[in-house]
Amino acid sequence: MKQPGFLMAALLSTWLGTSSAVVSAAPIELPSLGDTTSGVVSPQQEYELGQTYLKYLRSRTPTVSDPEVKEYLDRLIYRLAEYSEIKDHRLNTLVIDSVNLNAFAAPGGIIGVNSGLFFNADTEAQFAAVLAHELAHLSQRHYARNVEDAKNKSLPTAAAILASVILMATAGGDAGAAALSTTVAGIQSSRLRFSRQFEREADNIGIQTLAKAGFDPQAMPEIFENMNKSSRYQSRPPEFLLTHPVTDNRISDSRARAAQLPAKGTQGGLDYQLTRMRLFVLSAEDPARYARQLKKELETGHTSSEEITRYGLALASLEARDYKTAEKELTVLLEKHPRNLHLIMAQARLESVTGKTDEAIKRLDSALSIHLDNYPLMATKADILIHAKRFKEARNLLLKLSRNRPDDPDIWYELAEVQGQANDILGLHQARAEFFFLTGNLDDAIKHLQFASKLVGDNYALRAKIDKKLNDIFKYRQKLEKS
């Protein structure tokens, strides 16, 4: 695998274009807001950069693989995108496994959030406000416009601006700001003013998206104010505030804009709160201790939502192998919400670990007959089949999931594991190749495809498929190396 520094340099060069002459040829005016064309960076170049960057990010950053969390974020992003000004709906999301409060947008439709954003956004509307803001950065092509603004600077300066923008968007502002001030000292003040302009644009457009999607627009100043208050008691501000500075004026401006929009929007629904609680449980270092905390909250009434706390207690008890408590709490919840998918999956997991595999599968199949090809339901069923050592059934289900979500490395990783358990060595190498390609490890992807090619025998159709995949990866690697 190429070193991360090489890959970052390659993707930056790819974004700038194939020739420096393109950048320095003729004066190019900044595009108007929402303009989808650019003389320096085309939308397709942005998309290709985003896909390369996504591989780079996956290779060096721990992510949350839980299907319920991932699918929730996907649904919310596409709900917001429908009402946004974004033109290209080829979007990719990921949840970074970090309690630090952060969210970012990267060129080519990449939207990332830290799990810490779930922990700090009390309502779905507040969570959606941050995502709407990031979608506005994408729809206004702020990254491409950064390159265009550097058209009269040297190429190294333009590359440095790109590097600092991406670094600040993902790793936190300190390192990116240092790179920016060191490399682009002569234009630092204008860069910062331009950045504040982008933030104002993203606030203005994002809050309109939020309202059109049916959320309370006041959620945007609320989440900004909450972040600002929390930072006063920390030695280091949240990463989001380092990359998106929130001032009192900015909060006031967003509150004034929200007041001009219809106030009939919602604060959000049960789905967000259940997803948020699931992340709390998955992040708990000691599930048994967390279960005791939640139980005490229920007993004392010190909870903002009895149902959400009860759900958390059920999940934490399940993780701590206190199956009696888990069953008790889930029974109460399912009586009130018998069709809720989060509860159905939790109950199926409980049935699985208590030796009731057939009941668990029946429960999930019943839900799947209504929610066809639902990702979390299918993934939960696959996990239960694996637990029951029914590896071939699990493999067939994961193969279907891999066709539904071909760009999801988590599915390919689990499929590779199951292929091995099912003694399908050819399939194991194919799945591992897909996983390594999606996580930026091109050398290992090639290696596993070469292993697969040796095992294919007389299946010429499959050999042609493997050879094409190999050829595509070789071309992709050559393009990076030439960039």
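Above: the structure in question.
Below, the structure is looked at part by part. The structure displayed is predicted, hence computed values, not measured ones.

Cut-off values and rules
- Residues numbered from 1 in each chain as written.
- Predicted model: local features only at pLDDT ≥ 70, side-chain atom pairs only at ≥ 80, totals over all residues.
- Heavy atoms only, no water.
- Helix = DSSP H or I, 4+ residues; strand = E, 2+ residues; numbered from the N terminus.
- Buried < 20%, exposed > 50% of the residue type's maximum accessible area, 1.4 Å probe, protein only.
- Contact = heavy atoms within 4.5 Å.
- Areas by Shrake-Rupley, 256 points an atom, 1.4 Å probe, with all protein chains shown as cover.
- Salt bridge = Lys/Arg side-chain N within 4 Å of Asp/Glu carboxyl O.
- Pairing = 2+ DSSP bridges.
- Axes fitted to C-alpha atoms, helices over the stretch in contact; angles between N-to-C directions.
- Core = buried A, V, L, I, M, F, W, Y, C linked by side-chain atoms within 4.5 Å.
- Expected span 1.5 Å × (residues − 1).
- Arc of directions from axis to C-beta.
- Parallel < 35°, antiparallel > 145°, perpendicular 65-115°, else oblique.
- Nonpolar A, V, L, I, M, F, W, Y, C, P; charged D, E, K, R; others polar.
- Phe/Tyr/Trp six-rings, centres within 6.5 Å; stacked < 30°, edge-to-face > 60°.
- Left-handed = near helix turned anticlockwise from the far one by under 90°.

## Let's talk about the overall build of the chain
Part 1 of the reasoning: Of regular secondary structure, the chain possesses 25 helices and three strands.
Part 2 of the reasoning: Burial analysis of the chain (483 residues in total) assigns 53% to the buried set.
Part 3 of the reasoning: Counted over contacts in the chain with a minimum sequence separation of 6, partners at least 24 positions apart contribute 66%.
Part 4 of the reasoning: When the accessible area of the chain is evaluated, it comes to approximately 22000 Å², of which 50% is carbon and sulfur surface.

## Side note on the pattern of salt bridges
Part 1 of the reasoning: Within the structure shown, the criterion is met by 29 salt bridges.
Part 2 of the reasoning: We note a salt bridge from Glu225 to Arg255, for which the minimum N-O separation is 3.2 Å. Placement of the pair is Glu225 in helix H11 (residues 219-231) and Arg255 in helix H13 (residues 248-259), with a sequence separation of 30 residues.
Part 3 of the reasoning: On the basis of relative accessible area, Arg255 is assigned to the partly exposed category, the value being 31%.
Part 4 of the reasoning: Measuring nitrogen to oxygen at the nearest pair gives 3.4 Å for the salt bridge that ties Lys469 to Glu434. You can see Lys469 sitting in helix H25 (residues 460-482) and its partner Glu434 sitting in helix H23 (residues 425-438), a full 35 residues away along the chain.
Part 5 of the reasoning: According to the relative accessible area criterion, Lys469 is partly exposed, its value standing at 23%.
Part 6 of the reasoning: Residue class for Glu434 comes out buried when judged on its relative accessible area of 19%.

## What about the sheet that holds strand E1 (residues 92-96)?
Part 1 of the reasoning: The strand order E1-E3-E2 describes an open sheet built from three strands, whose pairing is mixed. At either margin of the open sheet sits one strand with a lone partner, and together these are E1 and strand E2 (103-106). Across the sheet, the mean angle separating the axes of adjacent strands is 15° when strand polarity is ignored.
Part 2 of the reasoning: In this sheet, strand E3 (residues 110-114) lies alongside E1 in parallel orientation, the contact comprising five bridges. Note on E3: the bridge partner recorded for Ile96 is Asn114.
Part 3 of the reasoning: Along the sheet, helix H4 (residues 67-82) makes contact with E1 and E3, crossing E1 at roughly 135°.

## Observations regarding the side chain of Glu351
Part 1 of the reasoning: Topologically, Glu351 is positioned in helix H18 (residues 341-353).
Part 2 of the reasoning: Excluding residues that lie within four positions of it along the chain, Glu351 makes contacts with Lys356, Thr357, Glu359, Ala360 and Arg363.

## Details of the nonpolar core
Generally speaking, nonpolar side chains in soluble globular proteins are found buried as a group.
Part 1 of the reasoning: Formed by 46 residues in total, the largest nonpolar core has its most connected members in Leu364, Leu377, Leu401, Phe437, Ile466 and Ile473.
Part 2 of the reasoning: Among the secondary structure elements, those contributing two or more residues to this core are H18, helix H19 (357-368), helix H20 (375-387), helix H21 (391-404), helix H22 (409-421), H23, helix H24 (442-455) and H25.
Part 3 of the reasoning: Listed in part, the 44 residues of the second largest apolar core include Val69, Ile77, Phe215 and Ile223.

## With respect to the environment of Ile207
Part 1 of the reasoning: Inspection of the secondary structure puts Ile207 in helix H10 (residues 188-212).
Part 2 of the reasoning: Note: C-alpha distance between Ile207 and Gln218 (eleven residues apart in sequence) is 8.5 Å.

## A word on H24
Part 1 of the reasoning: An ideal rise of 1.5 Å per residue puts 20 Å on 14 residues; H24 measures up with 20 Å between its terminal C-alpha atoms.
Part 2 of the reasoning: When we look at burial in H24, the residues that qualify are Leu442, Ala445, Ile446, His448, Leu449, Ala452 and Ser453. End-on, the buried residues of H24 take up no more than an arc of 165°, which puts them together on one face.
Part 3 of the reasoning: Where the residues of H24 are buried, they touch H23 and H25.
Part 4 of the reasoning: Directly beyond the C-terminal end of H24, a positive phi value near 65° is found at Gly457.

## Comments concerning the pairing of E2
Part 1 of the reasoning: Here E2 shows a buried face lined by Ala103 and Ala105 and a second buried face lined by Phe104 and Ala106.
Part 2 of the reasoning: Bridge count between E2 and E3: four bridges; the pairing is antiparallel. Pairing of Ala106 across the sheet is with Ile110, part of E3.
Part 3 of the reasoning: In textbook terms, the turn of a hairpin is the stretch between consecutive antiparallel strands, and for E2 and E3 this stretch comprises three residues, one of which, Gly108, has a positive phi near 85°.

## A closer look at the packing of H4 against H20
Each pair of packed helices can be described by the angle between their axes along with the distance between the axes.
Part 1 of the reasoning: Orientation of H4 relative to H20, taken along the N-to-C sense of each, is 170°, at an axis distance of 9 Å. Here H4 is positioned roughly antiparallel relative to H20, judged by the angle of their axes. Across the interface between the two elements, Pro67, Glu68, Lys70 and Glu71 from H4 touch Tyr375, Pro376 and Ala379 from H20.
Part 2 of the reasoning: Its residues placed into classes, the contact of H4 with H20 shows four nonpolar, no polar and three charged.

## Description of the packing of aromatic side chains
Part 1 of the reasoning: In total, this model carries eleven aromatic pairs according to the counting rule given.
Part 2 of the reasoning: Pairing Tyr72 with Phe127 gives two aromatic rings, centres 6.3 Å apart and planes at 45°, and the pair type is tilted. You can see Tyr72 sitting in helix H4 and its partner Phe127 sitting in helix H6 (residues 124-139), a full 55 residues away along the chain. As far as the burial class goes, Tyr72 and Phe127 line up, both buried.

## A few points about the packing of H20 against H21
Part 1 of the reasoning: For the pair H20 and H21, the least separation of the axes is 8 Å and the interaxial angle reads 155°. With respect to each other, H20 and H21 are oriented roughly antiparallel. H21 is crossed by H20, and the crossing has left-handed handedness. Residues Tyr375, Met378, Ala379, Lys381, Ala382, Leu385 and Ile386 of H20 lie in contact with H21, whose contacting residues are Phe391, Glu393, Ala394, Leu397, Leu398, Lys400, Leu401 and Asn404.

No statement about biological role is implied by the geometric values presented.
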